[in-house]
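# Topology and contacts: notes
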Amino acid sequence: MARKNRKPSNRKPTRKSNNRGKKNNRGRQNQNQQNRQAAPRKLKEGPITYRVDMTVKDFADALGIGVNEVIKKAMELGLMATQNQTLQRETVELLALEYDKEVVEDKSTDPVRFELIEEEEDESKLQHRPPVVTVMGHVDHGKTTLLDTIRNARVTAGEAGGITQHIGAYQYEKDGGTITFIDTPGHEAFTEMRARGAQITDIVVLVVAADDGIMPQTREAIDHAKAAGCPIIVAINKMDMPGANPERIKQELTEFELLPEEWGGQTIVVEISALQGEGIEQLLEMILLTAEVEEFKANPDREASGTVVESVLDKGRGPVATLLVRNGTLKQNETLVVGTAHGRVRAMTDDRGRQVDHALPSQPVEIIGLSDVPQAGDPFKVFDDEKTARRIAEERAEQALKEARGAGKATTLEEMFSQLSDSDAKELRIIVRGDTHGSIEALKSSLEKIDVEGADIDVIRASVGTITETDITLADASGAVVLGFGVRPAAAVRDLAKEKGVEIRTYSVIYRAIEDIEKALKGLLDPEFEEVVTGQAEVRDIFKISRIGTIAGCYVTNGKITRDANVRVLRDGVVVYEGELASLKRFKDDAKEVSQGYECGIRIDKFNDVKTGDVIEASIMKEVPRDG
């Protein structure tokens, strides 16, 4: 019994002894932990330099601390991260604040802002490149006619009103030398595009009509050329006209500090007749001579970089961009970032429409394969891999969005109330969507020039492509009207606009849009009729019947198609044809209407180029009573 009593008494002290030991160990661990927390953390001195591919581990190394501590800190801020996860700029700045650190970026090495990188060139690798020449001047002074004569191709005849609608780039070879021409529009609505043209050019050819003289757009062109620091060659055109007076033009030029060489100045002046082809050879010689003096050089043995000359959303090929290579050599299948878009050069054609596999400095090429439609004037650069290009493009898009938001007019509730209560102050906010960048620039510039007393126009977004749900959301948030030029919204987008009360107006003629907006600002726009879209049908099969034409086998996806409706053929959201129905059938029988969920056969009057995947939109004109 005594032994039994002894055993428990022996165990108890043992237990107490062990517990005390554990408590002591825990106490020592807690004390050590407190000591470690109390000890000042030795962070690396200086700010943190942000890189586009910075990971959590890179951030920890930049601070000089363990990666686990950074992960823990990120979790405290509600950010889940692993050591190899790439950090966005905002996240780096947020984490850096926790350590009282400043985040800086070296613009000269930050790939996100590649257009600002100043890379040193090896002089031994530099080679002469063709000069990039921009032709500027007043509308109807003969710019496009001059380029037609040089290229021996009539462009003017194929353009509405004889006015150049989009920037084009072409190359011309003479006496072993090559010249790249940029044809900038002359209409006043295209001032912004002309300014961009001056920024990417080496030499400006200023066209002035001998029988007209210096005009407002001529002055603008001179200002753009001077701002870009470009040499100016003056071409006095229309010397074949009876009222030609070149001496008067030269005298007017002196008012702008353009003193002709024959008068002891530095400005080359050539008298030409673009229509007759007189003086063209001399003009080309002067361009090559100026290029020789200026010594334009580039390194073809490096990754390509340059500028977007023109961009368009093509019905069949998607985003298409005309790029002007400024440095390096652009090759097929290379990955590149263009503005806020990225992609791979899937196909490349030169100014003559020929497929090429590379483009040298000063060479314009049209490429396809981009994720989105870039803006004219956007920079581009080739990168090693698609992952890096995508990340850089996304960061550039984020930056552009922030800048756009920052550029908006901030206002307080009190100011907003005073604006609404002040009936004299009106502002019409507009979102512009178009089929080409040139159309958008023209419409935007023209809208901003509308002058109605007591009313302002604010174009809050202008971009290429069909009207999207994002446009409707933005219009709803900002109280804007959506204008579509050559594009149409999908049924889902139209429904969302109706739900949110956003007005969508679509046009095919630019001046009609300008007239409507001007009338709206004056309070005179009370439409007698409005277009009501009744339905949409998707083309699923094509039947070509001799002596009848093309019949589209369709499935009605929305609303109903009626026999008396007007129709539009949409291809990727872009209008390719507007007209009337020639026939509407259910199986072999004529039908007055076909509702959603049913199949039908549609033949469009005077249009046979229907393709599988097209959307046929039906609409009717409905009379709307005038207010009051």
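Figured I'd write up the structure that's included with this text. (Residues numbered from 1 in each chain as written. Predicted model: local features only at pLDDT ≥ 70, side-chain atom pairs only at ≥ 80, totals over all residues. Heavy atoms only, no water.)

In this section: the packing of helix α2 (residues 56-63) against helix α3 (residues 67-76). At a minimum axis separation of 8 Å, α2 and α3 run at an interaxial angle of 110°. As far as their axial angle goes, α3 and α2 are roughly perpendicular. When the axes of α2 and α3 are compared, the crossing they make is right-handed. Counted together, Val56, Lys57, Phe59 and Ala60 of α2 and Val67, Val70 and Ile71 of α3 form the full contact between these two elements. Of the residues that constitute the contact of α2 with α3, the class distribution is six nonpolar, no polar and one charged. (Axes fitted to C-alpha atoms, helices over the stretch in contact; angles between N-to-C directions. Helix = DSSP H or I, 4+ residues; strand = E, 2+ residues; numbered from the N terminus. Parallel < 35°, antiparallel > 145°, perpendicular 65-115°, else oblique. Left-handed = near helix turned anticlockwise from the far one by under 90°. Contact = heavy atoms within 4.5 Å. Nonpolar A, V, L, I, M, F, W, Y, C, P; charged D, E, K, R; others polar.)

Taken as a whole and assessed by the stated rule, the structure comprises 26 salt bridges. Residue Lys57 pairs with Asp61 through a salt bridge whose shortest N-O separation is 3.3 Å. Taken together, the positions of Lys57 and Asp61, both in helix α2 and four residues apart, correspond to about one turn of that helix. When its relative accessible area of 38% is taken as the criterion, Asp61 is described as partly exposed. For the salt bridge of Arg326 with Asp202, the shortest nitrogen-to-oxygen distance reads 3.2 Å. With Arg326 in strand β12 (residues 318-327) and Asp202 in the loop between α6 (191-199) and β7 (203-209), this pair connects stretches of sequence that are 124 residues apart. Note on Arg326: relative accessible area 23%, which makes it partly exposed. Relative accessible area serves as the criterion here: at 7%, Asp202 is assigned to the buried category. (Salt bridge = Lys/Arg side-chain N within 4 Å of Asp/Glu carboxyl O. Buried < 20%, exposed > 50% of the residue type's maximum accessible area, 1.4 Å probe, protein only.)

Further remarks concern the nonpolar core. By size, the foremost hydrophobic cluster in this structure holds 34 residues, and its most contacted members are Ile430, Leu443, Leu447, Ile457, Ile472 and Ile517. Secondary structure elements with two or more residues in this core: β19 (426-434), α12 (437-449), β20 (455-464), α13 (469-478), β21 (480-485), α14 (491-500) and α15 (510-522). Setting aside anything within four residues of it in sequence, one finds Ile517 in contact with Leu428, Ile430, Leu447, Ile450, Ile457 and Leu483. Ile150, Ile203, Ile280 and Ala291 belong to the second largest nonpolar core, which has 23 residues in total. (Core = buried A, V, L, I, M, F, W, Y, C linked by side-chain atoms within 4.5 Å.)

Before going further, it helps to spend a moment on the side chain of Asn237. Mapped onto the elements of the fold, Asn237 is located in strand β8 (residues 232-237). What makes Asn237 buried here is its relative accessible area of 3%. Apart from the residues within four sequence positions on either side, Asn237 is in contact with His141, Gly142, Val207, Val208, Ala209, Ala210, Ile272, Ser273 and Ala274.

Below, the discussion takes up the packing of aromatic side chains. Under the counting rule described, the total for this entry stands at one aromatic pair. Relative to Phe607, the ring of Tyr577 has its centre 4.5 Å away and its plane inclined at 10°; by these criteria the two rings are stacked. Residue Tyr577 is located in strand β26 (residues 574-586), and its partner Phe607 is located in the loop between β29 (599-604) and β30 (615-623); the two are separated by 30 residues in the primary sequence. On the basis of relative accessibility, which here comes to 11%, the residue Phe607 falls in the buried class. Note that Lys73 overlies the ring of Tyr99, its terminal NZ or CZ placed 5.9 Å from the centroid. (Phe/Tyr/Trp six-rings, centres within 6.5 Å; stacked < 30°, edge-to-face > 60°. Lys NZ or Arg CZ within 6 Å of the ring centre and 35° of its normal.)

Looking now at the sheet that holds strand β15 (residues 341-349). What the six strands build is a closed barrel, ordered β11-β12-β17-β15-β14-β18; its pairing is antiparallel. On average, adjacent strands in this sheet sit at an angle of 45° to one another, irrespective of strand direction. In terms of strand pairing, strand β11 (residues 305-314) meets β12 through nine bridges, oriented antiparallel. Residue pairing across strands places Ser311 opposite Ala321, the latter belonging to β12. (Pairing = 2+ DSSP bridges.)

On to the layout of surface pockets, then. Quantified by volume, the second largest pocket comes out at close to 1400 Å³. Lining the second largest pocket are 38 residues; nearest its centre among them are Arg488, Ile504, Arg505, Thr506 and Glu531. Those elements that provide at least two residues to the lining of the second largest pocket are β11, α14, β22 (504-507), α15, β23 (529-545) and β26. The biggest single contributor to the lining of the second largest pocket is β23, with five residues. For the lining of the second largest pocket, the class distribution of residues is 18 nonpolar, five polar and 15 charged. (1 Å grid on protein atoms, 1.4 Å probe; cavity = no way out; pocket = protein on both sides within 12 Å on 5 of 7 lines; lining within 4 Å. Points joined across faces, edges and corners; volume = space filled by probe spheres on them.)

Moving on: the packing of α13 against α14. As a packed pair, α13 and α14 sit with axes 9 Å apart at the nearest point and diverge in direction by 10°. Classified by the interaxial angle, the pair formed by α13 and α14 is roughly parallel. In terms of crossing hand, the pair formed by α13 and α14 is right-handed. Residues Glu469, Ile472 and Asp476 of α13 form the contact with α14, whose own contacting residues are Ala492, Val493, Leu496, Ala497 and Lys500. Its residues assigned to classes, the contact of α13 with α14 comprises five nonpolar, no polar and three charged.

Here we come to α13. Taken together, the buried positions of α13 are occupied by Asp471, Ile472, Ala475 and Ser478. Buried residues of α13, viewed axially, fall in a sector of 145°; they line one side. Count one or two residues on from α13 and you reach Gly479, which has phi positive near 65°. (Arc of directions from axis to C-beta.)

Where α2 is concerned, the buried positions are Val56, Phe59, Ala60 and Leu63. Looking straight down α2, one finds its buried side chains confined to an arc of 100°; they lie on one side. The secondary structure elements touched by the buried residues of α2 are β1 (48-49), α3 and α4 (89-98). Count one or two residues on from α2 and you reach Gly64, which has phi positive near 85°.

This part is about the pairing of strand β4 (residues 132-137). The element β4 is largely enclosed, with a buried count of six among its six residues. Residues Val132, Thr134 and Met136 line one face of β4 and the alternating positions Val133, Val135 and Gly137 line the opposite face, and both faces are buried.

The subject of this paragraph is the pairing of β26. Pairing between strand β25 (residues 566-571) and β26: six bridges, direction antiparallel. Residue pairing in the sheet places Arg568 in a bridge with Glu578 of β26. The antiparallel pairing of β25 with β26 creates a hairpin that spans two residues between the two strands, and Asp572 there sits at a positive phi of about 55°. Pairing of β26 with β29 involves four bridges; the strand directions are antiparallel. Within β29, the residue paired with Lys585 across the bridge is Gly601. The pairing of β26 with strand β27 (residues 589-590) spans two bridges and is classified as antiparallel.

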